[in-house]
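If you want the building blocks of each chain, they are given just below.
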Amino acid sequence: MSKLDNLIGQATAIAHPNLAIIKYWGKENELKNIPASPSLGIALNELHTVTKVYLKHPSSNSEETDRVFIDEKLQSDRRFANFFANLRELVDKRNPKMGKFIITACSSSDFPSSAGLASSASGFAALALACTSALKFELPAKQLSALARTGSASAARSTFGGFVRLDSGAIYANQIYDENWWPELRIIVVEIEKEAKELSSRAAMERVKMNSPFYQAWISDSKKNIDKSLAALEAKNLSALGPLIRRSYLRMFSTMFSSYPPIIYWKPASLAVIILCEKLRSAGLNIWETMDAGPQVKILCLEKEVPLLIEHLKTQFSHLPFWICKVGGPPYLSNND
Ligand code: DP6
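Residues numbered from 1 in each chain as written. Predicted model: local features only at pLDDT ≥ 70, side-chain atom pairs only at ≥ 80, totals over all residues. Heavy atoms only, no water.

### Quick look at the overall build of the chain
Counting its secondary structure elements, the chain contains 9 helices and 16 strands. Taken over C-alpha atoms, the radius of gyration comes to 20 Å for the chain, in line with the 20 Å a tight globule of 337 residues would show. The principal-axis extents of the C-alpha atoms in the chain amount to approximately 70 × 40 × 35 Å. Expressed as a percentage of the 337 residues in the chain, the buried residues total 53%. The contacts in the chain between residues at least 6 apart in sequence include a share of 77% that link residues at least 24 apart. Entry remark: accessible area of the chain is about 15,100 Å², with carbon and sulfur atoms responsible for 53%. Charged side chains of the chain number 40 positive and 33 negative; the gap between the two group centres comes to 4 Å. (Helix = DSSP H or I, 4+ residues; strand = E, 2+ residues; numbered from the N terminus. Rg over C-alpha atoms; globule rule 2.2 N^0.38 Å. Buried < 20%, exposed > 50% of the residue type's maximum accessible area, 1.4 Å probe, protein only. Contact = heavy atoms within 4.5 Å. Areas by Shrake-Rupley, 256 points an atom, 1.4 Å probe, with all protein chains shown as cover. Lys, Arg positive; Asp, Glu negative; His and termini not counted. Charge placed at Lys NZ, Arg CZ, Asp CG, Glu CD.)

### Side note on the sheet that holds strand β10 (residues 163-166)
One open sheet accounts for 4 strands, arranged β2-β5-β10-β11; its pairing is antiparallel. A single partner strand is all that each edge strand has here, and the edge strands are β2 (18-22) and β11 (174-177). With direction set aside, neighbouring strand axes in the sheet form an average angle of 35 degrees. As paired strands, strand β5 (residues 39-43) and β10 are joined by 4 bridges and run antiparallel to one another. Directly across from Ile 42, in β10, lies its bridge partner Phe 163. The strands that helix α6 (residues 215-234) touches are β2, β5, β10 and β11; relative to β5, the one it contacts most, it runs at about 35 degrees. (Pairing = 2+ DSSP bridges. Axes fitted to C-alpha atoms, helices over the stretch in contact; angles between N-to-C directions.)

### Points about the sheet that holds strand β15 (residues 322-325)
Taken together, 4 strands build an open sheet; the order of strands is β13-β14-β12-β15 and the sheet is antiparallel. At either end of the open sheet lies a strand with only one pairing partner, and these are β13 (288-291) and β15. Taken over all neighbouring pairs, the strand axes of this sheet differ in orientation by 20 degrees on average, direction set aside. Here helix α7 (residues 238-257) sits on the sheet and contacts β12 (185-190), β13 and β14 (297-302); the angle it forms with β13, its principal contact strand, is near 30 degrees. Strands in contact with helix α8 (residues 268-282) are β12, β13 and β14; relative to β13, the strand with the most contacts, it is inclined by about 160 degrees.

### Re the pairing of β10
Two faces make up the sheet, and in a regular strand the side chains alternate between them. Two elements, β10 and β11, share 3 bridges in a ladder whose sense is antiparallel. Each residue of the ladder has a partner; that of Arg 165, found in β11, is Asn 174.

Below, the structure is given as structure tokens:
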């Protein structure tokens, strides 16, 4: 009997990672994966995660289980259990006669995974779209975002293109502007290290919430930061948005530095790139860096400043790969299934 005999459906989806310029960091509810801080993110057009899923009924007396492979490596069930449980709940509501099914997903990205480049955002967004499409569900955007959030809260943003907001306490994200809103905006992603990080952002968030004396201050400060950021984005004013972007990532990291044991994702080269940005800003360039739970540095600037910035990066950091990204669109399905 062919292994496709029990096939319910298959689909391949492609999603961009979503870079937070105002950070989600900390959970209001760990079980439901609800964010405690509001965030604002941008889809990165030049980076992609491709996820192919097969859904099938289990063959009789088989002990098959859901399996997820990233770059051909089988992942731990624990990381995906919550997402799959939520997917099954959705199936029970929409199609109670479906019966049991098991999922196999194979995912790969054209950028390093689990390294602070938002691969969980693009990964769960692509997984949510591929699974619901294999089930032939056409979910409203908000429901797709809510499903992706149960895998990773940043993934709630990655189910949209353009500029996306995820509020504190929210179960889904909202698109603020699409990918055509600010055509001159560029995000330079500097890869400091390829290796997967040792501590996941989830574990780091838990530790920070448990014992950083700055955690509550971070949450109330990030709520103040978001409205000003939205106003600067509406005005397409990078000189106003930049200081808020910087404040968000540096205050997020202050909760990590002050937790016990301290969490230090930065590497010497991360700091060297931050210092270069500072130097170029003093010389009049309108460029603003940010970082996530990993050593990589992302720099926002306008198109006209890219050549000079790249010249400096190539001169000082010839060994570091980088991507020049535009603002990307929403996830999409591949036609090859
Ligand atoms: C620093 O979305 O990976 O990148 O919800 O626990 O899966 P979980 O966390 P995740 O955290 C992302 C944190 C961040 C900031 C951001 O993307 O907003």
